[in-house]
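Summary of the model geometry
Here is how the chains run, residue by residue.
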Amino acid sequence: MNGEERVRLFLENAAKAAAGTHLLPGPEALRDVLAGIVPPGVPVYCPGLTAAEEAVADLFPNRVADYADAAATVEEVFGAVAETGTLACASVDGRAVQAGLLPAHHVAIVRRDRIFAELDDLFAEVVSAPPTNLTLVTGPSRTADIELTLAIGVHGPERLDIIVV
Amino acid sequence: MKVLLFGTCLVDTFFPEVGEATLRLLRRFGADPVFPQGQTCCGQPAFNAGYEDTARTAAAHFLSVFDGDAPIVTPSGSCAAMVRHHYPELFHDDPRMLAKARRAGERTYELSRFLVHVARAHEAGLRGRGTITYHASCHLTRSLGVREEPLTLLASLKGAAFVPMADAGRCCGFGGTFMAKLPEISCALAEEKAASVEATGADTVTGCDSGCLMNLADALRRRGSKVRVAHLAQLLAEGL
Amino acid sequence: MNLGQTTLRFRQNSVRALEDVALRAAMKQAADTFGAKRAEAFAPVSDLEALRDRASGIRDEVLADLPRHVETFVASATRAGATVHRAKDAAAAREIVAKVLSDRGAKRIVKGKSMVSEEVDLNAHLEAAGMEVFETDLGEYIIQMAGESPSHIIVPAIHKNRRQIGRLFTERLGVPYTEDPQALTRIARGALREKFLSADAGISGANFAAADTGSLVLFTNEGNGRMVTTVPPLHVAILSVEKIIPSLSDLPAFLRLLPRSATGQAITAYVSVITGPRKPGDATGAKELHIVLLDNGRTEILAGESRDILKCIRCGACMNVCPVYRTVGGHAYGWTYPGPMGLILTTLLTGMAKSHPVVDASTLCGACAEVCPVRVPLVPLILQLRRRKVREGFPDPKERRVMAWFGRAAASPGWFSLGQRLAGIFWPLVRAVGGKDVAGRLPPPARIPFRRKAH
Ligand code: SF4
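Just so it is clear, the model here is predicted, and its values are computed rather than measured.

1. Comments concerning the overall build of chain A
- Along its length, chain A carries four helices and 11 strands.
- Relative to the compact-globule value of 15 Å for 165 residues, chain A shows a C-alpha radius of gyration of 15 Å, a close match.
- Its C-alpha atoms put chain A at 45 × 40 × 30 Å along the principal axes.
- Considering chain A as a whole, with its 165 residues, one finds that 59% of them fall into the buried category.
- Intrachain contacts of chain A at a sequence separation of at least 6 include 68% that bridge at least 24 residues.
- Positive and negative side-chain charges in chain A, numbering 11 and 23 respectively, have mean positions lying 4 Å apart.

Written out as structure tokens, the structure reads:
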């Protein structure tokens, strides 16, 4: 599977799991896309740990330091898996993985060279020294506990947007 | 070709018409069926209830009655499965009996399998009538792997229409001793099965195991249903 | 909530369940929905049999030398900074968890769904020790609020309809009545959010534990499992020893099989892989992680003829296809684990004396073994238990007499024919004595048995 196919399959599977998907032609488009996804003025947690996060942080006038107070988290994640349309969020470089859990809206930026074809490829990379927390995220939080009716957004985000750069 | 007919205790005691139909079919397709008079029961009720010694006694008796090289044919998926799969287990630590059990297992045919693969009865252009639905009994399908043969035979019946029932492979609730030990659940399952049968609109339901058909017939009767319950052997023999 | 084992009353329990029309409809709907979704989810998996072989092989490998894998896990988890406790039995597990919590002054506990915690009846013990335990899985939350126990291992509140849940929320939470699942879910989210943020400790189970890395793996959908394991300062995980897999790199096989088998999802919304507590420089993870490894009879099972049941990964697929389970539901089994897997585990873990009627709760139809993703030989295991039940003398004397007679008849055509003749003569009596549920369902014996016509 080449890089193009990986990206395509990843986005296709993520969309099947009810994630919003966005494929960017280049890094310049990131700001425009984010402006369209995140409503202006909402409290946003954007940790600024990577170059991509730094580059967009000033888009959010109401940027909060504590993810527990945020309505949305905008962050770059560790990687992704094409096989299942899954995001891999890891507690590397001081990242708070639960920042993608508490706010109702999670916006994940994925670098296309970090999309693994299969689950095995991801685990092969982490198995020698796994981070304290590796969380695979596929679509928004969900339940079917009441009459088997799907409800979105139980304890985790009710909205998940994925931007591939 | 000489074949040994294992009637099964249920057919012998309750449903001689199924045995007679089986005999007619075998004869029509060039076999020379012999009914060894010493036969009793395959031992399945004891085996399934955990009475291993009793089951072994029954199995040893079966093996002596059905000794030889001729194919053993039986109109029951679950009894065929008992011989093929469980006899070797019962004699796993007795090399002489184990060899006998394995040989008997290889020689044992459930009727529909024999009719399709050996007798090629589905090519004979048998006649049928009405609308028929089919219950795929558990041991026949899951244990013996006989899934297509009964359908092939039904499809070959000229003048009859086949309608599949929903969840044809779901257990009817007979389960041998299960029926006696947990009758309420057994009844509930049979009722559900009977409802599936009626929902097809068929006028006849058939299958390859008299135990299941007996259970189903009872549930249909309780519903006041007019659907006829007949073993596949009966339907085929009627078309001769 | 564990309301005391009632497995000995399986038949009475099942009769009660059969009379509960709403429960039966809900169970059937759940089983059918999951069954259909399962089939759908596996349809695109082309190499399913190879995948099952692989997963089954990994589970066999673990059981072949469980003590060594447990040692490796303990060493790895300890190296990662976790404190590992070994609990011999349920009482030890309860004590360990209670002590870890009380030593740290923990009073408010949030809990993720864990069958092992049900097995050891953890909540009642912690509550008796003065702690508040909040179930956070939506289904468990509803059940806890209603003071009931789960009826399905995946959808614990399946027996409650939306109106009942709406009324329950109005009564207990004082919110305006709604029966919209999405709105009810939002209410639960609000009520539990505050609990997560203020909890002193989180308790979770684990679906797997990787020996080579010492990692715990949790499959969840709602996000409560993630909350419980990352938000409070203290995380206590309780799992049984056989949940171990040799390597984290074995996980993909189970990631592909378990969610598909359980709910028909290609993967659960969340999979958490937790390796030790928060370390310097980390911004994620509990500050302290305690792992309680429960044996509770597993070592004994491992040494015996039923060890293959320990391959089970608790997907629930065998239940959804089981004709008995889908008809009577989980409560009837009378203990933590229902369905084909459950009746085996219940008998092995609680003993034949407390559970022998449930080994009959199978028609031996084999639907369970057909779907088991790790090829647990469920039917042979049930048959083994029935043999043990007979060996240990549990069947009632009437059954033994019938079987003794049957044995004699099966070995002798003379006795057999006599039996047939007697059955014919005494048929009205048999019907009367056997009762309408059993003998009333049999047709009368044929006037002339087949053997006398077969020439
Ligand atoms: S026995 Fe198999 S099918 Fe049943 S719960 Fe365990 S793994 Fe799943």
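That shown, we press on.
2. Quick look at the packing of helix H8 (residues 138-146) of chain C against helix H9 (residues 162-173) of chain C
Residue and element names in this part refer to chain C.
- It is the contact of H8 with H9, at a shortest axis distance of 11 Å, that shows an interaxial angle of 65°. Handedness of the H8/H9 crossing: left-handed. Facing H8, whose interface residues are Tyr-141, Ile-142, Met-145 and Ala-146, H9 presents Ile-165, Leu-168, Phe-169, Arg-172 and Leu-173.
- Among the residues forming the contact of H8 with H9, the class breakdown is eight nonpolar, no polar and one charged.

3. As for the interface of chain A and chain C
- At the junction of the two partners, chain A supplies 48 residues and chain C supplies 63 residues.
- Connecting chain A to chain C are three salt bridges.
- When the shortest N-O distance is used, the salt bridge between C:Arg162 and A:Glu147 registers 2.8 Å.
- Across the chain A-chain C interface, the total number found is 29 residue pairs in polar contact (both at pLDDT 80 or more).
- When residues of the side of chain A that touches chain C are traced back to their parent elements, those giving at least two are helix H4 (119-126), strand E8 (133-137), strand E9 (142-143) and strand E10 (151-152) of chain A.
- Looking at the side of chain A that touches chain C, its residues break down into 24 nonpolar, 16 polar and eight charged.
- Two elements, E8(A) and strand E9 (residues 270-274) of chain C, share five bridges in a ladder whose sense is antiparallel.

4. Regarding the interface of chain B and chain C
- With 59 residues of chain B in contact, the opposing surface of chain C contributes 56 residues.
- A buried area of about 5000 Å², summed over both sides, lies between chain B and chain C, and 63% of it is on carbon and sulfur atoms.
- Put simply, chain B and chain C have 11 salt bridges between them.
- Across the pair B:Arg170 and C:Asp32 runs a salt bridge whose closest N-O atoms are separated by 3.5 Å.

5. Examining the site of the ligand
- Around the ligand, the neighbouring residues are C:Cys312, C:Ile313, C:Arg314, C:Cys315, C:Gly316, C:Cys318, C:Met341, C:Cys372, C:Pro373, C:Val374, C:Val376 and C:Leu378.
- Of the residues belonging to the shell around the ligand, the class tally is 10 nonpolar, one polar and one charged.

6. Topic: the pairing of strand E3 (residues 72-76) of chain A
All names here are of chain A.
- The element E3 is extensively covered by neighbouring structure, given that five of its five residues are classed as buried.
- By the alternation rule, side chains of E3 split into Ala-72, Val-74 and Glu-76 and Thr-73 and Glu-75, which are all buried.
- For strand E2 (residues 44-45) and E3, the ladder comprises two bridges, and the chain directions are parallel. Paired with Tyr-45 across the bridge in E3 is Thr-73.
- Taken together, the five bridges between E3 and strand E6 (residues 105-110) define a ladder with parallel strand orientation. Within E6, the residue paired with Val-74 across the bridge is Val-107.

7. Here's the deal with the pattern of salt bridges
- Going through the model one piece at a time under the given rule, you end up with 55 salt bridges over all chains.
- The partner of C:Arg441 in a salt bridge is B:Asp218, and the shortest N-O contact between them spans 3.6 Å. Here C:Arg441, found in the segment after helix H22 (427-438), pairs with B:Asp218, found in helix H12 (residues 210-222), and the two come from separate chains. Taken individually, C:Arg441 and B:Asp218 each receive the classification buried, so the pair is uniform in this respect.

8. Let's talk about the environment of B:Arg96
- Looking at the element boundaries, B:Arg96 is found in helix H6 (residues 95-107).
- Once the C-alpha coordinates of B:Arg96 and B:Asp12 are considered, the two residues, 84 residues apart in sequence, prove to be 30 Å apart.

9. Brief notes about unusual backbone geometry
- Backbone geometry places A:Ala18, a non-glycine residue, at a positive phi of 75°.
- On the secondary structure map, A:Ala18 appears in the loop between helix H1 (3-16) and strand E1 (20-23).
- Assessed through its relative accessible area of 46%, A:Ala18 is described here as partly exposed.
- Positive phi, normally seen in glycine, also occurs at B:Thr8, with a value near 80°.
- Exposure remark for B:Thr8: the relative accessible area of 4% places this residue in the buried category.

10. Some details on helix H4 (residues 52-65) of chain B
- In this model H4(B) runs 20 Å from its N-terminal to its C-terminal C-alpha over 14 residues, within 8% of the 20 Å that 1.5 Å per residue would give.
- Along H4(B), the residues that are buried comprise B:Thr54, B:Ala55, B:Ala58, B:Ala59, B:His61, B:Phe62, B:Leu63 and B:Val65.
- Those residues of H4(B) hidden inside the fold are in contact with helix H3 (44-49), strand E3 (72-74), helix H5 (77-90) and H6 of chain B together with helix H20 (397-411) and helix H21 (413-425) of chain C.

11. Here's the deal with the sheet that holds E3(B)
Residue and element names in this part refer to chain B.
- With respect to topology, four strands assemble into an open sheet ordered E2-E1-E3-E4, the strand pairing being parallel. A strand with exactly one partner marks an edge of an open sheet, and here the two such strands are strand E2 (32-34) and strand E4 (108-110). Shown here is a sheet whose adjacent strand axes are inclined to one another by a mean of 35°, direction ignored.
- Sitting on the sheet, H5 is in contact with E3 and E4, with an inclination near 155° to E4.

12. Description of the packing of aromatic side chains
All names here are of chain B.
- All chains considered together, the criterion is met by 14 aromatic pairs over all chains.
- Pairing Phe-62 with Phe-66 gives two aromatic rings, centres 4.4 Å apart and planes at 25°, and the pair type is stacked. An identical accessibility class is assigned to Phe-62 and Phe-66; each is buried.
- Among the aromatic residues, those joined into a ring-pair cluster are Phe-6, Phe-62, Phe-66 and Tyr-87.
- Across the ring face of Phe-29, the terminal group of Arg-28 is positioned such that the distance to the ring centre comes to 4.6 Å.

13. Looking at the domain arrangement of chain B
Residue and element names in this part refer to chain B.
- Domain parsing of chain B yields domain 1 (2-116) and domain 2 (124-238).
- Counting residues at the interface gives 29 residues for domain 1, matched by 24 residues for domain 2.
- For the pairing of domain 1 and domain 2, the buried interface totals around 2000 Å² over both sides, and the portion due to carbon and sulfur atoms is 71%.
- The three residues of domain 1 that bury the most area against domain 2 are Leu-25, Ser-112 and Val-116, which together make up 19% of that side's buried surface.
- For the pair domain 1 and domain 2, the number of links is zero salt bridges.
- For the pair domain 1 and domain 2, the interface holds eight residue pairs in polar contact (both at pLDDT 80 or more).
- Listed by contribution, the elements that provide at least two residues to the side of domain 1 that touches domain 2 are helix H1 (9-13), helix H2 (16-28), H3, H5 and helix H7 (111-118).
- Among the elements that make up the side of domain 1 that touches domain 2, the one with the highest residue count is H2 (seven residues).
- Within the side of domain 1 that touches domain 2, the residues separate by chemical class into 15 nonpolar, eight polar and six charged.

Scoring rules and cut-offs
- Residues numbered from 1 in each chain as written.
- Chains lettered and ligands numbered in written order.
- Predicted model: local features only at pLDDT ≥ 70, side-chain atom pairs only at ≥ 80, totals over all residues.
- Heavy atoms only, no water.
- Helix = DSSP H or I, 4+ residues; strand = E, 2+ residues; numbered from the N terminus.
- Rg over C-alpha atoms; globule rule 2.2 N^0.38 Å.
- Buried < 20%, exposed > 50% of the residue type's maximum accessible area, 1.4 Å probe, protein only.
- Contact = heavy atoms within 4.5 Å.
- Lys, Arg positive; Asp, Glu negative; His and termini not counted.
- Charge placed at Lys NZ, Arg CZ, Asp CG, Glu CD.
- Axes fitted to C-alpha atoms, helices over the stretch in contact; angles between N-to-C directions.
- Left-handed = near helix turned anticlockwise from the far one by under 90°.
- Nonpolar A, V, L, I, M, F, W, Y, C, P; charged D, E, K, R; others polar.
- Salt bridge = Lys/Arg side-chain N within 4 Å of Asp/Glu carboxyl O.
- Polar contact = N/O pair within 3.5 Å; in protein donor to acceptor, adjacent residues only side chain to side chain.
- Pairing = 2+ DSSP bridges.
- Buried area = accessible area lost by both parts, 1.4 Å probe.
- Near = heavy atom within 4 Å.
- Expected span 1.5 Å × (residues − 1).
- Phe/Tyr/Trp six-rings, centres within 6.5 Å; stacked < 30°, edge-to-face > 60°.
- Lys NZ or Arg CZ within 6 Å of the ring centre and 35° of its normal.
- Domains from an automatic or database assignment.

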